[in-house]
Structures are given as C-alpha cells and as structure tokens.
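Report on the structure
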Amino acid sequence: MSATPLPPGALLRDRYEILETLGESRVATTYLAKDQRSKRRCVVKELSVSQVIRTSTGAESYSGDFTKLIELFEREARVLANLTHAGVPRLIDHFTVDEAGSARLYTVQELVAGKNLASLVEGGRHFSESEVVAIGRDVAGILAHLHALSPPLVHRDIKP
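My aim in this report is to walk through the structure given alongside it, one point at a time. Just so we're clear, the structure is a prediction, and the values are computed from it rather than from any experiment.

Rules used throughout
- Residues numbered from 1 in each chain as written.
- Predicted model: local features only at pLDDT ≥ 70, side-chain atom pairs only at ≥ 80, totals over all residues.
- Heavy atoms only, no water.
- Pairing = 2+ DSSP bridges.
- Helix = DSSP H or I, 4+ residues; strand = E, 2+ residues; numbered from the N terminus.
- Buried < 20%, exposed > 50% of the residue type's maximum accessible area, 1.4 Å probe, protein only.
- Phe/Tyr/Trp six-rings, centres within 6.5 Å; stacked < 30°, edge-to-face > 60°.
- Polar contact = N/O pair within 3.5 Å; in protein donor to acceptor, adjacent residues only side chain to side chain.
- Contact = heavy atoms within 4.5 Å.

To continue, consider the sheet that holds strand β3 (residues 28–35). Taken together, six strands build an open sheet; the order of strands is β1-β2-β3-β4-β8-β7 and the sheet is antiparallel. At either margin of the open sheet sits one strand with a lone partner, and together these are β1 (11–12) and β7 (91–99). Across seven bridges, the pairing between strand β4 (residues 41–48) and strand β8 (residues 102–110) is antiparallel. If you follow S48 over to β8, its bridge partner there is R104.

This part is about the environment of D14. By the secondary structure assignment, D14 is in the loop between β1 and β2 (16–24). Classification of D14 by relative accessible area gives exposed; the value is 70%. Distance in space between the C-alpha atoms of D14 and R37 is 9.7 Å, their sequence separation being 23 residues.

What follows is about the packing of aromatic side chains. Within a pair of aromatic rings, the relevant descriptors are the distance that separates the centres and the angle that separates the planes. A full pass over the atoms with the stated rule returns two aromatic pairs. Their ring planes at 5° and their centres at 6.1 Å tell us that Y16 and F95 sit as a pair that is stacked. A residue pair is termed long-range when its members are at least 10 positions apart, and Y16 in strand β2 and F95 in strand β7 qualify at 79 residues. Y16 sits in the buried class, given a relative accessible area of 0%.

This part covers the side chain of R15. Relative to the helices and strands, R15 is located in the loop between β1 and β2. By relative accessible area, which is 13% here, R15 ends up buried. Within polar-contact distance, the side chain of R15 engages the side chain of Y16 at 3.1 Å. In contact with R15, other than residues within four places in its own chain, are K34, D35, Q36, R37, I92 and D93.

A few words now on the side chain of D93. Structurally, D93 can be placed in strand β7. Residue D93 is classed as buried on the basis of its relative accessible area of 14%. Polar contacts involving the side chain of D93 include one to the side chain of R13, which spans 3.1 Å. Within the structure, the side chain of D93 is placed 2.8 Å from the side chain of Y16, a separation counted as a polar contact.

Structure representation (structure tokens):
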C-alpha cells in the first residue's frame, strides 16, 4: 500500500481537487479528481518515493530501486505526453511535489468513463462472439498504432 491517501477535497497544485481514491498498489495511489480549470473530472496517479511498504511480516523499506521506479514513472509521463490516439487517455499534466524531503510524483490523465471488462464479467456480463471480436479489433488497432511509432511502444499491461 502506498502513502496515506489524499483525503477528498485535497487540492494539488491549486488545480486538481481529489474526489475519491480509485485504487492503491504498493507504491502508487490512483484518484478521481476534478480539474478546477476545465471543470472536468480526471484521473491522478501518485507515486510516493519514500514510502514504507507493509508486508505480512511487518514494516520494511521498499526493496526495489527507487531510482529505477522514478525513471520508469517519468518515462511513462514523457511517452504519454507525446501520444495521441482516440483509444488512449490523454495526459493532461505531470509534476512532482516535494514536502519535507518526501517526493511524490504525479500524472494527470483524462477520465474515460465506464467499467473495465473484469468488473463487467465479475458482475455477470456475458459477451457474444461478435462483441468479443469487436473488442479484440479495437485493442489490436491501438496496439498497431503503438507498434508503428518510432521507436515502437510495447504495452505490457493491457486491460481493455
């Protein structure tokens, strides 16, 4: 689990108002937020660099390389900043907040409303063969676009 999640109402950069926490992982938290400039809802992803990770054996420092983690996060922001495709959420902003020596990195992306396939299936949704083929074609079209970039972009975590 990442650092203590930001509470609803928290304001990042005097612009992004946190509405709720959408998800948490060992090193990142994802929020639903409202962009005060555009008045649109967006998704804010936070990476807490100095986070202590809790495991079943108690508290321990992150065993991974934070330098590599930060590099990957910043590379993702650079790639997203230059990526334009109707099937990929647009990057709105990326920034770092350093409070008392504790750095947190953020990306802000447009919100794509809807449910993911896993939650639909878990909820009992069954898809027809033609629906599955249509979903596969949509995903393949996005992947073809990413692979045609120079250099090619390979996505390793596809969740349509």
